[in-house]
Amino acid sequence: MAFNSSLAICICTRHRAEDLRKALQSIADSPRLPDQVIVSDDGQDGRTSESVAAEFPFALYQRGPRIGLGANRNACLAVVKTAFVCFIDDDVVLPPSFLPLAYRLCETNGRTSPQPLISGIEFKHITPGQPPVRIEPHNADFWGFQRLKPASELKAMVINAGIFPMELFRKAQFDPLLRYGSEEIDMIRHAYSLGYRVLFEPELWVDHYPSPVNREEYASVVDASRMYTTAKDYLKYQRNIGRFLLFGLFAPPKLAVALTRRYGLKGLHAAIHATTLALQYGARSWQRR
């Protein structure tokens, strides 16, 4: 059977029509188009984003489930027909080099079993007129913060500059409880537990222009996502009860102290909210077993 190196680009979008247009235009300007481009829209009114997607004949538009990013990524995967898949945010722009290199990497590395995941880097443009911040994949520390430079094995990836084999998603899906944050490292932990590995390719890169749209809402759940997925890693993937109990005992007060020092009573309230939401995620995940 001939080797299949077909590739899809999936864009999860929400209330960012102009950013979406720039992302799609960067794909259109590429010297090689992907085999599929899927736009899954989690916005409340899809007409604007749908009209933007309609400007690009190669884009397949669909309405997302509107319950969060994890579920929306899965909605993309449900219609992917290729052997490999990339996810980019709607405020990401691909350089001309991205897709040709992505295809070469699939050809070069995709013939092994299991097929590896590949992570590149992201240049995050935070302040206009200032150099972008270079974002490389870092492993998570005990608390779930991705800030450890890998000493040997890489157990994280930059999802905006990543390539996934579709064979992985026949065994694993993104956690639909995660509205925003940590869904990519949760997937990497799951993949790692199934025997997959991550390769780092610094020549594979994207530009990210973080949109302020939705940002405050996303910030309100990011700590809960980190706490829930870290506890899930210790309990489900590593099966390390000791680490799970230590994390569950010390992570909530550590967060409360950190946020209270930074924001006062408002920070304490945010820590309580994050801990409560993380516990709710955990309870709902347990009920689904």
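Above: the structure in question.
Overview of the structure. (Residues numbered from 1 in each chain as written. Predicted model: local features only at pLDDT ≥ 70, side-chain atom pairs only at ≥ 80, totals over all residues. Heavy atoms only, no water.)

1. A short note on the overall build of the chain
Cut-off, in case you're wondering: Helix numbering and strand numbering both begin at the N terminus, where a helix is a DSSP run of H or I of at least 4 residues and a strand a DSSP run of E of at least 2. Every radius of gyration here is taken over C-alpha atoms, with the globule rule written as 2.2 Å times N^0.38, N being the number of residues. Residue exposure (1.4 Å probe, protein chains only): buried if accessible area is under 20% of the type maximum, exposed if over 50%, otherwise partly exposed. In this analysis, two residues are considered to be in contact whenever any of their non-hydrogen atoms come within 4.5 Å of each other. The charge count treats Lys and Arg as positive and Asp and Glu as negative. His and the chain ends do not count. Just so you know, the charge point we use is NZ for Lys, CZ for Arg, CG for Asp and CD for Glu.
Tallying secondary structure elements over the chain gives 9 helices and 11 strands in all. For the chain, the C-alpha radius of gyration of 19 Å lies close to 19 Å, the compact-globule estimate for 289 residues. Oriented by its inertia axes, the alpha-carbon framework of the chain measures out at about 50 × 40 × 40 Å. Burial status across the chain gives 51% buried among its 289 residues. Sequence-distant contacts in the chain: of pairs separated by 6 or more residues, those separated by 24 or more amount to 73%. Averaged over its 35 positive side-chain charges, the chain has a centre that lies 7 Å from the centre of its 29 negative ones.

2. Let's talk about the side chain of N74
Looking at where N74 falls in the secondary structure, it is placed in helix α3 (residues 69-77). Other than its neighbours up to four places away in sequence, N74 contacts Q173, F174 and P176.

3. Here's the deal with the packing of aromatic side chains
Keep this limit in mind: Working definition: a ring pair exists when centres of Phe, Tyr or Trp rings (six-membered ring for Trp) sit within 6.5 Å. Plane angles under 30 degrees give stacked, over 60 give edge-to-face, the rest tilted.
Applying the stated criterion to the full structure yields 16 aromatic pairs. Considering the side-chain rings of F123 and W205, the 5.6 Å spacing of their centres and the 80° angle between planes classify their relative orientation as edge-to-face. Taken together, the positions of F123 in strand β6 (residues 117-124) and W205 in strand β11 (residues 198-208) put the pair 82 residues apart, joining distant regions of the chain. On the basis of relative accessibility, which here comes to 22%, the residue F123 falls in the partly exposed class. Ring centres 5.5 Å apart and planes at 45° place the aromatic pair F164 and F169 in the tilted group. Judged by relative accessible area, F169 falls into the buried class, the value being 8%. Three or more aromatic residues joined by ring pairs make a cluster, and in this case those are F87, F164, F169 and F174.

4. Let's talk about the environment of H208
As for its position among the elements, H208 is in strand β11. When its relative accessible area of 5% is taken as the criterion, H208 is described as buried. In this structure, the C-alpha to C-alpha distance between H208 and I135, residues 73 residues apart in sequence, is 9.9 Å. If we skip the residues at most four places from it in the chain, H208 touches D89, D91, V92, E122, F123, K124, H125 and N160.

5. With respect to the side chain of K232
Short version of the rule: Pairs of N or O atoms are called polar contacts if they sit within 3.5 Å, as long as, within protein, a hydrogen donor faces a hydrogen acceptor (for residues adjacent in sequence, only side-chain-to-side-chain pairs).
Among the structural elements, K232 can be located in helix α7 (residues 222-237). At a separation of 3.1 Å, a polar atom in the side chain of K232 contacts the side chain of D186. Every residue in contact with K232, bar those within four places of it in the chain, is listed here: D175, D186 and Y237.

6. Structural notes on a nonpolar patch on the surface
To keep it simple, the criterion reads: Residues enter patches when they are more than 30% accessible in relative terms and free of salt bridges; like-charged ones are connected within 9 Å and nonpolar ones (Val, Leu, Ile, Met, Phe, Trp, Tyr) within 5 Å. What sets the accessible areas is the Shrake-Rupley method with a 1.4 Å probe; for residues, cover comes only from the shown protein chains. In the sections that follow, a salt bridge refers to a side-chain nitrogen of Lys or Arg positioned within 4 Å of a carboxyl oxygen of Asp or Glu.
A surface patch of nonpolar side chains, about 420 Å² in accessible area, is lined by L235, I241, L245 and W286. Looking at the secondary structure, you find I241 in helix α8 (residues 241-263). Classification of I241 as partly exposed rests on a relative accessible area of 47%.

7. Structural notes on the packing of helix α5 (residues 183-193) against α7
Note the threshold: Helix axes are fitted only over the stretch in contact, all axes being lines through C-alpha atoms; the angle between N-to-C directions runs from 0 to 180 degrees. Small angles under 35 degrees read as roughly parallel and large ones over 145 as roughly antiparallel, with 65 to 115 read as roughly perpendicular and the rest as oblique. Under the grouping applied here, Gly and all other residues not named as nonpolar or charged are polar, the nonpolar ones being Ala, Val, Leu, Ile, Met, Phe, Trp, Tyr, Cys and Pro and the charged ones Asp, Glu, Lys and Arg.
The N-to-C vectors of α5 and α7 enclose an angle of 10°; their axes lie 10 Å apart at closest approach. For the element pair α5 / α7, the angle class is roughly parallel. Counting all contacts with α5, which are made through D186, R189, H190 and S193, the residues of α7 involved are T229, T230, K232, D233 and Y237. Class assignment for the residues of the contact of α5 with α7 results in 1 nonpolar, 4 polar and 4 charged.

8. Some words on the pairing of strand β1 (residues 7-13)
Selection criterion: Any two strands with at least two DSSP bridges between them are considered paired.
Counting buried residues in β1 gives 7 out of 7 residues, a clear majority hidden from the surface. Direction of pairing for β1 relative to strand β4 (residues 84-89): parallel, over a ladder of 6 bridges. Paired with C12 across the bridge in β4 is D89. Bridge count between β1 and strand β2 (residues 36-41): 6 bridges; the pairing is parallel.

9. Section: unusual backbone geometry
Each neighbour pair has its own omega, and for S113 with P114 the value is 0°, a cis peptide bond. For P114, the position within the fold is in the loop between α4 (98-109) and β6. At H15, a position not held by glycine, the phi torsion is positive, near 60°. On the basis of relative accessibility, which here comes to 37%, the residue H15 falls in the partly exposed class.

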